[in-house]
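Architecture at a glance
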Amino acid sequence: MSRLVVVSNRVPMPAKDGDAPAGGLAVALQAALQERGGIWMGWSGNSSGDKEPGPLSQLQKGKIAYALTDLTDTDVEEYYHGFANRVLWPICHYRLDLAEYGHKEMAGYFRVNRFFAHKLAPLIEPDDIIWVHDYHLIPLAAELRQMGLKNRIGFFLHIPWPSADILVTMPVHEEIMRGLSHYDLLGFQTDYDLQNFAGYLRREGIGDDLGNGLFDSHGRSFRAGAYPIGIETAEFAELARKAATNIMVRKARQSVEGRDMIIGVDRLDYSKGIIQRLDAFERFINSNPGFQNKVTYLQITPKSRSEVPEYEQMQKMVAEQAGRVNGAVGTVDWVPIRYINRSIGRNVLAGLYRLATIGLVTPLRDGMNLVAKEYVAAQDPDHPGVLVLSRFAGAARESKGALLINPYDVEGTANALTKALTMSIEERRERWSRMMDHLLTHDVSQWCEDFLRDLIPVARLQSERGSLLAS
Ligand code: ADQ
């Protein structure tokens, strides 16, 4: 069986005993790596200052070798903060206004990808299957090809892929698209992202959509498809069921004191629509005075990327907005919004989702949004809550039982909250089971299997199956 080599900007290191369970993606990829044996390579998250990083630090755990490299201060600034987070992230989330182009940063991005390729190449064997993750590493395959590697290389993009109109505003859009053509399989979250990719090739006249997921561009043929990522549905549902006895969950239940709870869980990021959501909650209370003192909205938002100025500013804005709404609509015995600004263990999170009557997930743009799926998986089948979900999240394509909203339409979102809170239990159950059935069959292990099945050549898969059957 071919080994699997996973490359991602950050690498989730194996959990020590007693740690909170890892997220679904890490678990699924670790399982695939454990089955085939292989390597997970990426940045350690540390800087080597102004000195060149030393050799890879390697840790063998079962059949998986974790291989990490440091980066210099300049690399971190240009590749990670500069280009990945201040150009690709805003562009892919349709925020042209926030993209900051600098030639140094663009050059740094390509340079660090070359550096990763040079660190990785000596570890690769001819039969290895390589799976690269996310927007930090788009040029990696081109760099590996440049060094003569002929392996199958796949790429999965976790964030949205924008339309051609947006993408061409990025000065290096041609190099980025050329980079993508060096993969054998490109995976997007939804068919909209795939259509955007195909639309660019057509519009710029640099490639052909040959049908059946086959594309031709820059003299290479490759496949591209939509592979919507899932969560570890059954395990997460079990975690939520067991969390009822967790002390923090019990305290949370006491503190809502019979009120309905609305929950929002997001990394602090401008793409998540947190400000619009707080506005919608305020509008909902103002238009429905009968709900005063009857609902508690819990927003859990750990800091992220706080070294980037826009994120620091957002942190202030969200805290101020929550305080302002509490001041405007709260009463002496009711704090409408509870705002928690840190990370929470996965089992407590699962229990809190289960307590909430509404999962409020309103990104302005999101590749998939796993919070929406986790909220559904955590519900009590007899008393499920309602998912209120932005139509601009990739998850909206699959969540047939959700109340879909447009997060820019504050009044529309407020109306959806009223509808959710007054929905009959029969309708809630019917909507929930439609979503849960889908999530159980389309979980993260299935996602991983689907992607690898399409990446590994059919002939090799058949011989692997043959040898598995024979053994
Ligand atoms: P993210 O933008 O990070 O991921 P999302 O899919 O919502 O967004 O995943 C966030 C994860 O972090 C969830 O598993 C959630 O439980 C966890 N989380 C959030 N807040 C937390 C808190 N306070 N405490 C603990 N855990 C918290 C990117 C893309 C998404 C895509 C994923 C996976 O932007 O669109 O769905 O990758 O492909």
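Residues numbered from 1 in each chain as written. Predicted model: local features only at pLDDT ≥ 70, side-chain atom pairs only at ≥ 80, totals over all residues. Heavy atoms only, no water.

Digging into the overall build of the protein chain
To keep it simple, the criterion reads: Elements are defined by DSSP. Helices are runs of H or I of four residues or more, strands are runs of E of two residues or more, and each kind is numbered from the N terminus. Note that the radius of gyration is over C-alpha atoms, with the globule rule given as 2.2 Å times the number of residues to the power 0.38. When a residue's accessible area, from a 1.4 Å probe over protein chains only, is under 20% of the maximum for its type it is buried; when over 50% it is exposed; and in between it is partly exposed. When checking whether two residues touch, look at their non-hydrogen atoms; a contact exists if any pair is within 4.5 Å. Per-residue and other accessible areas follow the Shrake-Rupley method at a 1.4 Å probe size, with only the shown protein chains counted as cover for residues.
Within the protein chain one finds 17 helices and 16 strands. Rg of the C-alpha trace for the protein chain: 23 Å, near the compact-globule value of 23 Å for 471 residues, within the 12% margin. Considering only C-alpha atoms, the protein chain reaches an extent of 70 × 55 × 45 Å along its principal axes. A total of 471 residues make up the protein chain; the buried ones form 57% of that total. Taking all contacts inside the protein chain whose residues are at least 6 apart in sequence as the whole, residues at least 24 apart take part in 77%. Of the accessible surface of the protein chain, which amounts to about 19900 Å², a share of 50% is contributed by carbon and sulfur atoms.

Brief notes about the site of the ligand
Under the convention used in this document: The criterion for a residue being near a molecule or strand is simple. One of its heavy atoms has to lie within 4 Å of it. Pairs of N or O atoms within 3.5 Å make up the polar contacts considered here, provided that, within protein, one atom can donate a hydrogen while the other can accept it, and that residues adjacent in sequence are counted only when both atoms are side-chain atoms. Domain ranges listed in this record stem from an automatic or a database domain assignment.
Neighbouring residues of the ligand: 23 residues in total, closest H158, I344, D366, L370 and E374. Between the ligand and the protein, one listed contact pairs an oxygen atom with a side-chain N or O atom of Q189 at 3.0 Å. K272 places a polar side-chain atom, nitrogen or oxygen, 3.1 Å from an oxygen atom of the ligand. About the coverage of the ligand: the protein hides 85% of its 710 Å² of free accessible area. No fewer than three residues from each of domain 1 (4-230 + 444-470) and domain 2 (233-440) sit in the shell around the ligand.

Re the sheet that holds strand β8 (residues 207-211)
Applied cut-off: Only strands that DSSP links by at least two bridges are regarded as paired with each other. The angle between two axes is taken between their N-to-C directions and runs from 0 to 180 degrees, where each axis is a line fitted to C-alpha atoms and a helix contributes only its stretch in contact.
If you walk across this open sheet you meet the 10 strands as β3-β4-β2-β1-β5-β6-β7-β10-β9-β8, and the pairing is mixed. Two strands bound the open sheet, and with one partner strand each, they are β3 (57-61) and β8. Sheet twist, expressed as the mean angle between neighbouring strand axes with direction ignored, is 20 degrees. Pairing between β8 and strand β9 (residues 214-217): four bridges, direction antiparallel. Across the sheet, the residue bridging to D209 is F215, located in β9. Where helix α2 (residues 73-92) meets the sheet, it contacts β1 (4-10), β2 (38-47) and β4 (64-71), and its direction lies at approximately 100 degrees from that of β4.

With respect to the pairing of β3
Alignment of β3 against β4, held across five bridges, turns out to be antiparallel. When the bridges of β4 are listed, K61 appears paired with I64. In textbook terms, the turn of a hairpin is the stretch between consecutive antiparallel strands, and for β3 and β4 this stretch comprises two residues, one of which, G62, has a positive phi near 60 degrees.

Side note on the nonpolar core
Short version of the rule: Remark: nonpolar core denotes a set of buried residues (Ala, Val, Leu, Ile, Met, Phe, Trp, Tyr, Cys) joined through side-chain atoms within 4.5 Å.
Ranked by internal contacts, the top residues of the largest apolar core, which has 97 residues, are L140, W161 and F197. Top element by residues in this core is α2. It accounts for 10 residues. Composition of this core by domain shows at least three residues from each of domain 1 (4-230 + 444-470) and domain 2 (233-440). Not counting residues within four places of it along the chain, the set of residues in contact with L140 comprises V7, N113, F116, A117, L120, V132 and Y183.

Quick notes on helix α7 (residues 191-204)
Quick note on the threshold: Under the convention used throughout, the expected extent of a helix is 1.5 Å for every residue step, that is, one less than its residue count.
Taking 1.5 Å of rise per residue, the 14 residues of α7 would be expected to cover 20 Å, and the 20 Å separating its terminal C-alpha atoms lies within 8% of that figure. Regarding α7, the residues found buried are D193, L194, N196, F197, A198, G199, Y200 and L201. If you follow the buried residues of α7, they end up packed against α5 (164-167), α6 (173-180), β7 (185-188), β8, β9 and β10 (220-226). Structurally, the start of α7 carries an N-cap: the backbone nitrogen of Y192 is 3.2 Å from a side-chain oxygen of T190. Directly after α7, the chain includes G205, whose backbone phi takes a positive value near 65 degrees.

A few points about helix α15 (residues 425-441)
Selection rule: The directions considered for the arc run from the helix axis to the C-beta atoms.
The first and last C-alpha atoms of α15 sit 24 Å apart over 17 residues, in line with the 24 Å expected at 1.5 Å per residue. Of the positions making up α15, those classed as buried are R428, R431, W432, M435, M436 and L439. Down the axis, α15 shows its buried residues gathered within 130 degrees of arc, on one side only. Residues E426 and D437 are exposed on α15 and point more than 90 degrees away from its buried face. Looking at the buried side of α15, the elements it contacts are α8 (233-242), α13 (370-377), β15 (386-390), β16 (403-405) and α14 (410-421).

Structural notes on unusual backbone geometry
Phi at E257 is positive, roughly 45 degrees, even though this residue is not glycine. Its location among the elements puts E257 in the loop between α9 (247-256) and β11 (260-265). Judged by its relative accessible area of 59%, E257 falls in the exposed class. With phi around 90 degrees, N369 is a residue other than glycine that occupies positive phi space. Examined against the element boundaries, N369 turns out to sit in the loop between β14 (358-361) and α13.

What to know about the packing of helix α10 (residues 274-287) against α14
Just so we agree on the cut-off: An angle counts as roughly parallel when it lies under 35 degrees, as roughly antiparallel when it exceeds 145, as roughly perpendicular when it falls between 65 and 115, and as oblique in every other case. Handedness of a crossing is defined here by the sense of rotation of the near helix relative to the far one, left-handed for an anticlockwise turn of less than a right angle and right-handed for a clockwise turn. Gly is put with the polar residues, along with every residue not named as nonpolar or charged; the nonpolar set is Ala, Val, Leu, Ile, Met, Phe, Trp, Tyr, Cys and Pro, and the charged set is Asp, Glu, Lys and Arg.
Two elements in contact, α10 and α14, have axes separated by 8 Å at closest approach and are oriented at 60 degrees. With respect to each other, α10 and α14 are oriented oblique. The hand of the α10/α14 crossing is right-handed. Contacts between α10 and α14 pair Q276, D279, A280, F281, R283 and F284 from the former with V410, E411, T413, A414, L417, T418 and L421 from the latter. Each residue belonging to the contact of α10 with α14 can be placed in one class, and the counts come to seven nonpolar, three polar and three charged.

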